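Letter by letter, the chains look like this.
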Amino acid sequence: MGAGGIGVEIKVGFDLFDYPTAMTVILMIAVVVIAVEQLGAVLRRKVIGTDR
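Residues numbered from 1 in each chain as written. Predicted model: local features only at pLDDT ≥ 70, side-chain atom pairs only at ≥ 80, totals over all residues. Heavy atoms only, no water.

### So, the overall build of the protein
The helix and strand tally for the protein stands at two helices and zero strands. Looking at the protein as a whole, 8% of its 52 residues are labelled buried. (Helix = DSSP H or I, 4+ residues; strand = E, 2+ residues; numbered from the N terminus. Buried < 20%, exposed > 50% of the residue type's maximum accessible area, 1.4 Å probe, protein only.)

Here it is, written out as structure tokens:
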């Protein structure tokens, strides 16, 4: 699994001057990254505890 497909979508969007599509892909990447980080923080708190 790689991120080549995501990069291609962004490049095609910019090459075709389809900025709304390119920005949608970029924003969706940001949303997924933030969601995974938040989930990781919740799981860390449950595993490690809040005393530290």
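Alright, that's what it looks like, and here's the rest.
### Thoughts on the packing of aromatic side chains
All chains considered together, the criterion is met by two aromatic pairs. With a centroid separation of 5.7 Å and 55 degrees between ring planes, the pair formed by F14 and Y19 is classed as tilted. The class for F14 is partly exposed, based on a relative accessible area of 36%. Between F17 and Y19 the ring centres are 6.2 Å apart and the planes differ by 75 degrees, which places this aromatic pair in the edge-to-face class. What makes F17 exposed here is its relative accessible area of 63%. On the basis of relative accessibility, which here comes to 39%, the residue Y19 falls in the partly exposed class. Site record: aromatic cluster; members linked through ring pairs are F14, F17 and Y19. (Phe/Tyr/Trp six-rings, centres within 6.5 Å; stacked < 30°, edge-to-face > 60°.)

### A closer look at the pattern of salt bridges
Pairing is possible between side chains of opposite charge, provided their charged atoms come close. One pass over the full model with this rule turns up one salt bridge. For the salt bridge of K11 with D15, the shortest nitrogen-to-oxygen distance reads 2.6 Å. Within this pair, K11 and its partner D15 are both found in helix α1 (residues 4-15), separated by four residues, close to a single helical turn. (Salt bridge = Lys/Arg side-chain N within 4 Å of Asp/Glu carboxyl O.)

### Focus on helix α2 (residues 19-48)
The terminal C-alpha atoms of α2, which comprises 30 residues, lie 43 Å apart, in line with the 44 Å expected from a rise of 1.5 Å per residue. Positive backbone phi, at 100 degrees, marks G49, one or two positions downstream of α2. (Expected span 1.5 Å × (residues − 1).)

### Describing a nonpolar patch on the surface
On the surface, a cluster of nonpolar side chains totalling about 590 Å² of accessible area is made up of F14, F17, Y19, M23, I26 and L27. If one sorts the elements of the nonpolar patch by residue count, α2 sits on top with four residues. As for its placement among the helices and strands, L27 is situated in helix α2. (Patch = residues over 30% accessible without salt bridge, like charges linked within 9 Å, V, L, I, M, F, W, Y side chains within 5 Å. Areas by Shrake-Rupley, 256 points an atom, 1.4 Å probe, with all protein chains shown as cover.)

None of this, on its own, says anything about what the molecule does.
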